[in-house]
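Observations on the model geometry
Chain by chain, the residues run as shown.
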Amino acid sequence: MADRREKIFREAADTLASRRNAVALTGAGISVESGIPAFRGTQGMWEKYDPMEYATIGAFLSDPEKVWAMLSEMVDVLSRAVPNPAHSGLAEMERMGVLRSVITQNVDGLHQAAGSQRVIEFHGNAWELICLSCWNRYPSREKIREGIPPRCECGTILKPNLVLFGEPIPWSAQEEAESEAQSCSVLLVIGTSAEVSPACHIPRLSKGKGAVIVEINPEETPLTRSVTDLHLREKAGDAVTLLLSSLREIS
Ligand code: NAD
Ligand code: ZN
């Protein structure tokens, strides 16, 4: 068993080192070890707030105050979180010239905090608020300090500039992500259940262009038996740390 694990890590590291053109696709699972609960696979605030009841654009438009009860708790959790070894390991791989970019479904800003330079935020981020009436934007932290729910100068309740269920993906993020996915030769898929569309289709785009799909997730996902070539069945922090030390040995 230990041999098999070692072999699979070595193969993943060799692939990354020889191809040197990887892109990472990350999901909520990569931030679990930073104290931010994922929707699936862990417990926490999402037991209290069903995302399908609270994290939809329909819910926000019909009752923004109710949705802000969840958002203020989420912002609180995000404010306390710091990058973990998986985030900093990806930043290091970028500095080593092994990883080209990170496409993230997360809204927590932890990849940038860890030092990643090229981050495509597929679902926006929580650190900016936007007014759906006049399109003014505000930094979240300051505005939230003024009170919940935060309001625009025009009086409208502000929405975090992240993608709620039912909202479209920002056009530029979608385009950039597709182009990165189609031109990489390794896709590192980390901590995503691959159940949220359209992000879940990204691995198939890479696979279609001949990329090797390396999946890091302690659980199996719909990708594991369809597009994944190498499944590192571990927590993100351990797996990225191990991959990085193999990469250092090789290069
Ligand atoms: P998800 O919650 O649907 O699935 C999380 C996945 O991570 C699961 O497959 C689980 O097995 C795996 N996982 C759990 N712990 C892990 C660990 N330590 N290391 C590696 N993998 C681990 O996440 P998703 O696919 O990203 O979809 C959820 C949606 O919710 C996304 O669109 C995302 O924007 C949003 N979300 C974001 C955050 C955040 O910004 N940190 C947190 C929760 C949800
Ligand atoms: Zn306004």
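Our structure is the block above this text.
Residues numbered from 1 in each chain as written. Chains lettered and ligands numbered in written order. Predicted model: local features only at pLDDT ≥ 70, side-chain atom pairs only at ≥ 80, totals over all residues. Heavy atoms only, no water.

Pairing is antiparallel in the open sheet, where 3 strands are placed in the order 5-4-6. The sheet terminates laterally at strand 5 (137–139) and strand 6 (159–162), the two strands that pair on one side only. Mean inter-strand twist for the sheet, computed between neighbouring axes without regard to direction, equals 50°. Summarising the sheet, strand 4 (residues 124–130) and strand 6 pair through 3 bridges and their orientation is antiparallel. Looking across to strand 6, one finds that Leu129 is bridged to Pro160. On the sheet, helix 5 (residues 64–80) packs against strand 4 and strand 6 and is oriented at approximately 125° with respect to strand 4. (Pairing = 2+ DSSP bridges. Helix = DSSP H or I, 4+ residues; strand = E, 2+ residues; numbered from the N terminus. Axes fitted to C-alpha atoms, helices over the stretch in contact; angles between N-to-C directions. Contact = heavy atoms within 4.5 Å.)

The 6 strands are arranged 3-2-1-7-8-9 in an open sheet whose pairing can be described as parallel. Edge strands, defined here as strands with exactly one partner in the open sheet, are strand 3 (119–121) and strand 9 (230–232). Neighbouring strand axes in the sheet, compared pairwise and without regard to direction, differ in orientation by 20° on average. Relative to strand 9, strand 8 (residues 212–216) is paired through 3 bridges, and the arrangement is parallel. Paired with Val214 across the strands is Leu230, a residue of strand 9. Running over the sheet, helix 11 (residues 236–250) touches strand 7 (186–190), strand 8 and strand 9 and is turned about 130° from strand 8.

Residues Met45, Trp68, Met70, Met74 and Leu78 are the most contacted members of the largest nonpolar core, which totals 31 residues. Of all the secondary-structure elements, those providing two or more residues to this core are helix 2 (45–48), helix 4 (57–62), helix 5 and strand 4. Examining the composition of this core, we find that 8 residues originate from one element, helix 5, more than from any other. Residues contacting Met70, with those up to four places away along its chain left out, are Met45, Trp46, Tyr49, Tyr54 and Ala55. Ala13, Val98, Val186 and Ile190 belong to the second-largest nonpolar core, a separate cluster that totals 29 residues. (Core = buried A, V, L, I, M, F, W, Y, C linked by side-chain atoms within 4.5 Å. Buried < 20%, exposed > 50% of the residue type's maximum accessible area, 1.4 Å probe, protein only.)

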